[in-house]
Amino acid sequence: MTSPVWHPFTQHGLNEAIPQVDRAEGAVIHCADGRSLIDGISSWWVTTHGHCHPRIAAAIADQAAKLDQVIFAGYTHAPAEDVARGLIDIAPPGLAHVFYSDSGSTAVEVALKMALGYWHNVAEGRRVSILVMEHSYHGDTIGAMSVGERGAFNRAYAPLLFDVVTIPFPAAGREQATLDALEAACAAQPAAFIVEPLVLGAGGMLMYPPPLLRAMADICARHDVLFIADEVMTGWGRTGTLFACEQAGVQPDILCVAKGLTGGAIPLAATLATPRIFAAHRSEDRARMFFHSSSFTANPIACAAAAANLAIWREEDVPGRIAALAGRLTAGLARLSPDHFTGHRQTGAIAAVDLKAGEDGYLSSVAPVLRAFFLDRGILLRPLGNTIYLMPPYCTDAQQIDRMFDAIAEAGARFAV
């Protein structure tokens, strides 16, 4: 029987296999047909400590029996208060207020609205433009698409998108051009600059070093341009530190987190802001309030999962696990032949290479071929066009890493041109 489900980022006309997943634990997911798959991409970058982590699962079950949902406009609850304090404790210095939402896209939408609301309230809307980085991706809602790379992801929706100013990606040898472009754009007094720190995810796992991130933040600070760090993907240890901004000593005005906020167990997002952003919206004038919400803002069950995740970070050696995983990824990358791959790169627990496939970009015809190839070998990988990347849960062991790199090497020998 044909399924009525319409899957995300799936071209159903290709009739690709869509396995049914029944259960998961650690770094492995189990399918209804008996197959087991190593989750090489943390189920779209969300699962940090491993699937069905006992501490997080127990927190969800306990909270569901006490308080499942309550309106968050004018009400609060202990899980939301605890998570907010925990986030402020571990976030880059200067952030003092937490606004909850339910996905990375909405965390970005909230950040953009905070930035524009700030300038509307303190400068009568004289700063309205947004600066973005070439090849960036910030989500699939309208505002998030507007600040992302224009192309296959959003071409059909162009009439809905607002204009932005694009800064070139700081590729090797082009670093100064990026900084010069940002300096010139900031001189025109935009409202904010939004950036994926250190790693541009869906744009192809493009990476740049911490000193460049710091230099960009410094330029924004000199011109009083709000600096928005989209750490939806890069946060929660993916780049080797809890947040990528730490490696550059950057203190953003606004920080977006999601994905690993609950350890990947349940949807929750947060947008953190500095006191001045909050103060610009605080007033006896109700028209100056921050106009954003969703029905499930700060859902207590999701917040309980996030609180358990924060406890794991406080009480367990998560950085040690990430460092060990990063070492295995480094060794694996070194095994991949330059005859078949190019652009070997790594930041923390993220590793990527580009298959020499004769065509680049997200819509490269080799992508569905590679997905099927890895599935046949018991591995969940989802290449970005010809870019093959690994972003596994931190519990992934050496044998599982070796199996994934064996499969990648085999794919290179078979499909490289």
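What counts and what doesn't
- Residues numbered from 1 in each chain as written.
- Predicted model: local features only at pLDDT ≥ 70, side-chain atom pairs only at ≥ 80, totals over all residues.
- Heavy atoms only, no water.
- UniProt positions renumbered as here; feature names shortened; annotations may be inferred.
- Helix = DSSP H or I, 4+ residues; strand = E, 2+ residues; numbered from the N terminus.
- Rg over C-alpha atoms; globule rule 2.2 N^0.38 Å.
- Areas by Shrake-Rupley, 256 points an atom, 1.4 Å probe, with all protein chains shown as cover.
- Lys, Arg positive; Asp, Glu negative; His and termini not counted.
- Charge placed at Lys NZ, Arg CZ, Asp CG, Glu CD.
- Buried < 20%, exposed > 50% of the residue type's maximum accessible area, 1.4 Å probe, protein only.
- Pairing = 2+ DSSP bridges.
- Phe/Tyr/Trp six-rings, centres within 6.5 Å; stacked < 30°, edge-to-face > 60°.
- Patch = residues over 30% accessible without salt bridge, like charges linked within 9 Å, V, L, I, M, F, W, Y side chains within 5 Å.
- Salt bridge = Lys/Arg side-chain N within 4 Å of Asp/Glu carboxyl O.
- Contact = heavy atoms within 4.5 Å.
- Core = buried A, V, L, I, M, F, W, Y, C linked by side-chain atoms within 4.5 Å.
- Domains from an automatic or database assignment.

- In the annotation of an unreviewed UniProt entry, the entry for the protein chain reads Adenosylmethionine-8-amino-7-oxononanoate aminotransferase, and the organism field reads Sphingobium algorifonticola.
- Comment text from UniProt for the protein chain, heading Function (unreviewed entry), reads "Catalyzes the transfer of the alpha-amino group from S-adenosyl-L-methionine (SAM) to 7-keto-8-aminopelargonic acid (KAPA) to form 7,8-diaminopelargonic acid (DAPA). It is the only aminotransferase known to utilize SAM as an amino donor."

## Side note on the overall build of the protein chain
Then comes step 1: Within the protein chain one finds 13 helices and 16 strands.
Then comes step 2: Scaling as 2.2 N^0.38, a compact globule of 417 residues should have a C-alpha radius of gyration of about 22 Å, and the protein chain matches this with 21 Å.
Then comes step 3: Judged by the C-alpha coordinates and their principal axes, the protein chain covers about 65 × 55 × 45 Å.
Then comes step 4: Taken as a whole, the protein chain presents about 18100 Å² of accessible surface, with 56% of it coming from carbon and sulfur.
Then comes step 5: Between the averaged position of the 30 positive side-chain charges in the protein chain and that of its 41 negative side-chain charges there is a distance of 1 Å.

## Observations regarding the pairing of strand β7 (residues 192-195)
Then comes step 1: Burial of the side chains of β7 extends over both faces: Ala192 and Ile194 are buried on one face and Phe193 and Val195 on the other.
Then comes step 2: Pairing of strand β5 (residues 130-133) with β7 involves two bridges; the strand directions are parallel. Counted as the bridge partner of Ile130 is Ala192 from β7.
Then comes step 3: One ladder, built from four bridges, connects β7 with strand β10 (residues 226-230); its direction is parallel. In the strand pairing of β10, Val195 is matched with Ala229.

## Remarks on the packing of aromatic side chains
Then comes step 1: Scanning the entire structure with this criterion turns up 15 aromatic pairs.
Then comes step 2: For the ring pair Phe99 and Phe290, a centre distance of 5.0 Å and an interplane angle of 90° mean the geometry is edge-to-face. Placement of the pair is Phe99 in strand β4 (residues 97-101) and Phe290 in the loop between α9 (275-281) and α10 (300-315), with a sequence separation of 191 residues.
Then comes step 3: Pairing Phe373 with Phe415 gives two aromatic rings, centres 5.4 Å apart and planes at 90°, and the pair type is edge-to-face. Linking Phe373 in helix α12 (residues 366-376) with Phe415 in helix α13 (residues 398-415), this pair joins segments that are 42 residues apart in sequence.

## Concerning a nonpolar patch on the surface
Then comes step 1: A cluster of nonpolar side chains, namely Ile142, Tyr157 and Leu160, defines an oily patch on the protein surface of about 290 Å² accessible area.
Then comes step 2: Judged by relative accessible area, which is 40%, Tyr157 ranks as partly exposed.

## Describing unusual backbone geometry
Then comes step 1: A positive phi angle is found at Trp44, which is not glycine, with a value near 70°.
Then comes step 2: One can find Trp44 in helix α1 (residues 42-45).
Then comes step 3: Look at Trp44 and you get partly exposed, because its relative accessible area is 35%.
Then comes step 4: A positive phi angle, near 50°, is found at Cys52, a position not held by glycine.
Then comes step 5: Structurally, Cys52 is set in the loop between α1 and α2 (54-64).

## Examining α12
Then comes step 1: Residues of α12 that are buried: Val366, Ala367, Leu370, Arg371, Phe373, Phe374 and Leu375.
Then comes step 2: If you follow the buried residues of α12, they end up packed against β3 (36-39), β14 (350-355), β15 (379-380), β16 (387-390) and α13.
Then comes step 3: Looking one or two residues beyond α12, the residue adopting positive phi is Gly378, at roughly 75°.

## Considerations on the nonpolar core
Then comes step 1: Of all hydrophobic cores here, the largest spans 93 residues; its most connected members are Phe193, Met205 and Phe374.
Then comes step 2: Broken down by element, the residue count for this core peaks at eight residues, all from α10.
Then comes step 3: In terms of domain composition, this core takes at least three residues from each of domain 1 (12-53 + 317-415) and domain 2 (55-315).
Then comes step 4: In contact with Phe193, not counting residues within four places along its chain, are Leu131, Val132, Met133, Ile167, Leu182, Met216, Cys220, Val225, Leu226, Phe227 and Ile228.
Then comes step 5: The next biggest cluster of nonpolar side chains, apart from the first, holds 28 residues, and it includes Tyr118, Val132, Ala144 and Ala273.

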